[in-house]
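Residue-level structural notes
Read off the chains here:
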Amino acid sequence: MSGTIKLEVCESSADVALKASEIIASLIRATPDAAIGLATGSTPEQTYARLADLHRGEGLRFARVTSFNLDEYWGLDGDHNQSYRYFMDDRLFRKIDIRPWNTHVLNGTAANPDLECRAFETKILAAGGIDLWLLGIGTNGHIAFNEPGSPVDSRTRLVNLAPSTIAANSDGRFFKDAASVPRFALSAGIGTIREARRLLLLATGSGKADAIAQALEGPPSTDCPASLLQSHPDCTFIVDREAASRLESA
Ligand code: GLP
């Protein structure tokens with residue numbers, strides 16, 4: 001089955017977060033034991049803040065939800081303040097009632113990365129597959145840490161980070177300089193991500209405009225990993241005006 005990516009353009013990044021959090025909240029209200037895929041980075045932070053508000057203010061319950069994160073830096077343990085485990089605990093998990101044992105973030109210091117990646121895939125299968133996977137996008141079009149050139153059927157594995165990704169993540173928001181950014185990561189594959197029943201990709205800011213245009217209007221190609229989502233049957237991009245600014249159709 002193939003689909004076309006649905007596009008929603010919002011006025012601001014706050015509106016992107018509002019829409020995304022409402023979609024996730026509706027899923028959890030309808031399916032309290034949903035399996036949800038999550039992303040890290042600056043983009044989903046407002047969405048997580050809004051989900052935490054919905055938990056506090058409106059009693060949105062996560063007690064039966066299972067979560068799976070896209071990726072983790074290789075070499076960082078969960079206590080490192082730049083690890084994605086730390087990010088998720090800090091921005092979301094500690095603020096809601098999700099059970100810690102139901103949150104799956106790849107272990108960046110696992111003794112055997114291949115076994116760790118295989119176990120992650122097995123846990124996704126055991127959860128019945130992922131109902132919705134929230135995604136961001138790199139300036140080079142990457143999804144998770146699937147850099148350009150990653151195969152469409154790639155699975156969870158140890159990957160190299162592209163120089164542009166290292167630069168983007170050492171601009172002061174996360175790591176202080178390029179030398180501190182790990183060179184490798186564990187990442188769900190494009191094939192793993194494409195098996196989720198529903199995909200929701202968020203992008204904000206002009207820095208993402210080229211990647212969004214390529215992903216939506218370019219030919220599906222491993223040069224822009226996000227363009228490989230074009231054939232997914234239920235994929236929505238929610239972007240702000242700046243991220244939509246290079247689209248011919250918007
Ligand atoms: C990182 C993550 C991705 C994320 C991307 C964009 O490299 N591995 O999962 O989507 O960067 O991050 P940001 O939202 O900070 O721009």
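Notes on the structure in this doc start here. (Residues numbered from 1 in each chain as written. Predicted model: local features only at pLDDT ≥ 70, side-chain atom pairs only at ≥ 80, totals over all residues. Heavy atoms only, no water.)

Let's shift gears to the packing of aromatic side chains. A ring pair, where both rings are aromatic, is described by two values, the distance of the centres and the angle of the planes. On inspection of all chains with the given rule, the structure shows five aromatic pairs. Ring centres of phenylalanine 68 and phenylalanine 120 lie 5.8 Å apart, and the angle between their planes is 80°; on these two criteria the pair is classed as edge-to-face. Here phenylalanine 120 lies in helix 4 (residues 113-126) and phenylalanine 68 lies in strand 3 (residues 66-69), a separation of 52 residues in the sequence. For the pair tyrosine 73 and phenylalanine 175, a centre-to-centre distance of 5.3 Å together with 85° between the ring planes defines the contact as edge-to-face. (Phe/Tyr/Trp six-rings, centres within 6.5 Å; stacked < 30°, edge-to-face > 60°. Helix = DSSP H or I, 4+ residues; strand = E, 2+ residues; numbered from the N terminus.)

A separate point is the side chain of serine 154. Inspection of the secondary structure assignment puts serine 154 in the loop between strand 6 (132-135) and strand 7 (157-160). Serine 154 sits in the buried class, given a relative accessible area of 5%. Side-chain polar atoms of serine 154 contact the backbone oxygen of proline 151, separated by 2.7 Å. A polar contact is formed between the side chain of serine 154 and the backbone nitrogen of isoleucine 190, at a distance of 3.0 Å. (Buried < 20%, exposed > 50% of the residue type's maximum accessible area, 1.4 Å probe, protein only. Polar contact = N/O pair within 3.5 Å; in protein donor to acceptor, adjacent residues only side chain to side chain.)

Moving on, we come to the side chain of histidine 232. With respect to the element layout, histidine 232 can be found in the loop between helix 7 (209-217) and strand 10 (235-240). Among the polar contacts made by the side chain of histidine 232, one reaches the main-chain carbonyl oxygen of alanine 196 at a distance of 2.6 Å.

Considering all chains together, one arrives at 15 salt bridges under this definition. The shortest N-O distance in the salt bridge between glutamate 8 and lysine 19 comes to 3.1 Å. With a gap of eleven residues between them, glutamate 8 in strand 1 (residues 6-10) and lysine 19 in helix 1 (residues 13-30) connect regions that are remote in the sequence. A residue is classified by how much of its surface remains accessible, and lysine 19, at 36% relative accessible area, is partly exposed. The salt bridge involving glutamate 195 is made with arginine 155; its shortest N-O contact spans 2.8 Å. Of the two residues, glutamate 195 is situated in the loop between helix 6 (190-194) and strand 9 (199-203) and arginine 155 in the loop between strand 6 and strand 7; the sequence distance between them amounts to 40 residues. Judged by relative accessible area, which is 52%, glutamate 195 ranks as exposed. Judged by relative accessible area, which is 32%, arginine 155 ranks as partly exposed. Connected through shared salt-bridge partners, Glu45, Asp90 and Arg91 make up one network. (Salt bridge = Lys/Arg side-chain N within 4 Å of Asp/Glu carboxyl O.)

Bringing the pairing of strand 8 (residues 184-187) into the picture now. Alignment of strand 4 (residues 71-73) against strand 8, held across three bridges, turns out to be antiparallel. Its bridge partner lying in strand 8, tyrosine 73 is registered against alanine 185. As paired elements, strand 7 and strand 8 share four bridges and run antiparallel to each other. Across the sheet, leucine 158 pairs through a bridge with leucine 186, a residue of strand 8. (Pairing = 2+ DSSP bridges.)

Closest axis-to-axis distance for the helix 1/helix 2 (residues 45-58) pair is 8 Å, and the angle between their directions is 50°. Compared by their axis directions, helix 1 and helix 2 come out oblique. With respect to the hand of their crossing, helix 1 and helix 2 are arranged in right-handed fashion. The segment helix 1 lies against helix 2, with Ser13, Ala14, Ala17, Leu18, Ala20, Ser21, Glu22, Ile24, Ala25 and Arg29 engaging Gln46, Thr47, Arg50, Leu51, Leu54 and Glu58. Here the contact of helix 1 with helix 2 is composed, by residue class, of eight nonpolar, four polar and four charged. (Axes fitted to C-alpha atoms, helices over the stretch in contact; angles between N-to-C directions. Parallel < 35°, antiparallel > 145°, perpendicular 65-115°, else oblique. Left-handed = near helix turned anticlockwise from the far one by under 90°. Contact = heavy atoms within 4.5 Å. Nonpolar A, V, L, I, M, F, W, Y, C, P; charged D, E, K, R; others polar.)

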